[in-house]
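# Report on the structure
Residue-level listing of the chains:
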Amino acid sequence: MVADSLIDILIPAYNAEATIREAIDSLRGQTIATIRIVVVDDGSTDETGRILAELASQDPRIVVLTQPNGGITAALNHGLSLCRAPFIARLDADDLAAPDRLERQVGYMTAHLDCIALSGSGRHIDAHGRPTGDRVRAPRIDRADPSWLPAREPYLPQPFLMMRRAAFDRVGGYRSLAVAEDSDLCWRLQEVGTMLNLPEDFGSYRVHANSISSASIRNGRSMAFWSQMAAVSARRRRARQPDLAFSADELRRCAQAVSLEDFLHAGAAVLSADERSWLALAMGMKLVALAFYRPFELDSTDCGFIRRALRDPSISIRAENRAEMADHLMGTATRLAIRGRFGDALGLVAPARYPVLLGRISFRLILPQGVREMFKRLAGRAQPA
């Protein structure tokens with residue numbers, strides 16, 4: 001093992017035989033050599049373990065830990081027990097680091113001592129490593145708002161994350177959320193120092209149907225729930241209220257949840273009435289946002305849950321937020337209508353906006369796919385980060 005590494009790179013891996021070699025090779029070829037690559041095999045049942053053993057025999061900087069399958073948070077915390085370097089970086093087992101990613105990142109943090117964590121952008125690739133033409137969206141941290149619907153997270157794209165070990169330890173590391181542990185960490189890091197997304201490309205992010213949040217609509221609901229619970233937790237800390245604990249009992253209850261209603265009931269015991277109302281609408285809108293770029297779609301129970309949450313008079317919504325929500329719901333309604341689900345589509349938009357919905361449907365049906373994608377990308381570039 002490398003005793004004096006400057007950067008420890010942490011990679012959780014589960015059944016990653018198709019991509020793990022390429023991911024690790026992108027780190028072995030970095031322009032900065034004083035690194036250690038800590039890989040946690042989270043109970044893989046494919047050839048991941050064999051590939052990792054082979055790579056570790058070739059490069060003393062690679063350290064492989066194994067554990068029974070326990071999920072990404074357990075894998076991350078297991079790997080962190082071995083990380084001692086002043087900087088910790090992350091990479092997922094299916095993503096790629098640009099050759100000079102680590103050198104550029106540690107150079108910035110060395111020159112800016114107030115910066116405790118950073119990330120940036122990169123290109124999207126498909127399951128076979130081919131560029132999709134899309135890019136990782138690296139949001140502006142200064143626009144983070146835990147009261148927005150859904151919460152505007154101070155998100156640092158995890159495949160390109162680097163942080164100071166001291167800051168990570170100060171906020172208590174990763175907590176035991178089923179998913180969205182990265183969002184929860186970012187909220188807490190923001191409270192102790194400067195973090196930012198640099199306007200640079202740091203590698204490639206693989207988008208495919210086997211990723212955790214893409215695998216099913218149920219996993220999308222879980223992501224929606226836990227990410228917004230992390231925002232509730234941030235709101236409590238900022239109001240000097242007792243923080244959420246994310247207990248083992250809560251995790252077990254949520255593991256049995258299937259619908260949005262199930263998740264809400266599973267977490268309701270620790271929430272006030274106002275928090276519960278906010279969470280219902282926030283998680284519904286987060287699922288809407290996830291479905292925009294994930295290979296799943298809302299079902300009728302999701303649409304009904306969101307309609308009920310929208311009618312809750314106890315939730316105060318700012319005008320700008322309300323307009324943004326309406327636009328996102330319009331996009332979802334358009335997709336549903338094109339698929340013949342007119343009842344669900346009409347239930348997500350106000351009757352006064354039905355003509356707009358009709359126009360969107362016509363746009364989608366008449367224009368060729370390539371032209372629609374061009375307009376979509378132009379609209380995305382025009383929006384402020």
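What counts, and at which threshold
- Residues numbered from 1 in each chain as written.
- Predicted model: local features only at pLDDT ≥ 70, side-chain atom pairs only at ≥ 80, totals over all residues.
- Heavy atoms only, no water.
- Salt bridge = Lys/Arg side-chain N within 4 Å of Asp/Glu carboxyl O.
- Helix = DSSP H or I, 4+ residues; strand = E, 2+ residues; numbered from the N terminus.
- Buried < 20%, exposed > 50% of the residue type's maximum accessible area, 1.4 Å probe, protein only.
- Phe/Tyr/Trp six-rings, centres within 6.5 Å; stacked < 30°, edge-to-face > 60°.
- Lys NZ or Arg CZ within 6 Å of the ring centre and 35° of its normal.

Moving on: the pattern of salt bridges. Side-chain pairing between opposite charges can occur once the charged atoms of the two side chains come close. As enumerated under the stated definition, the model contains 34 salt bridges in all. Residues Asp243 and Arg237 are paired through a salt bridge, measuring 3.1 Å at the closest nitrogen-oxygen approach. A salt bridge links Glu297 to Arg335; the nearest nitrogen and oxygen atoms lie 2.7 Å apart. With Glu297 in the loop between α10 (273–293) and α11 (300–310) and Arg335 in helix α12 (residues 319–338), this residue pair connects regions lying 38 residues apart in the sequence.

With an omega of -10°, the peptide bond running from Leu149 to Pro150 counts as cis. Among the secondary structure elements, Pro150 is positioned in the loop between β7 (131–135) and β8 (162–164). The backbone of Asn15 sits at a positive phi, close to 45°, despite the residue not being glycine. In this structure, Asn15 sits in the loop between β1 (7–13) and α1 (20–28). For Asn15, a relative accessible area of 30% gives the class partly exposed.

All chains considered together, the criterion is met by 4 aromatic pairs. By the ring-pair criterion, three or more aromatic residues cluster together here, those being Phe225, Trp226, Phe246 and Phe263. In this structure, Arg152 is placed above the aromatic ring of Trp148, and the distance from its NZ or CZ to the ring centre is 3.8 Å. The ring of Trp278 has Arg235 lying over it, and the distance from NZ or CZ to the ring centre is 4.7 Å.

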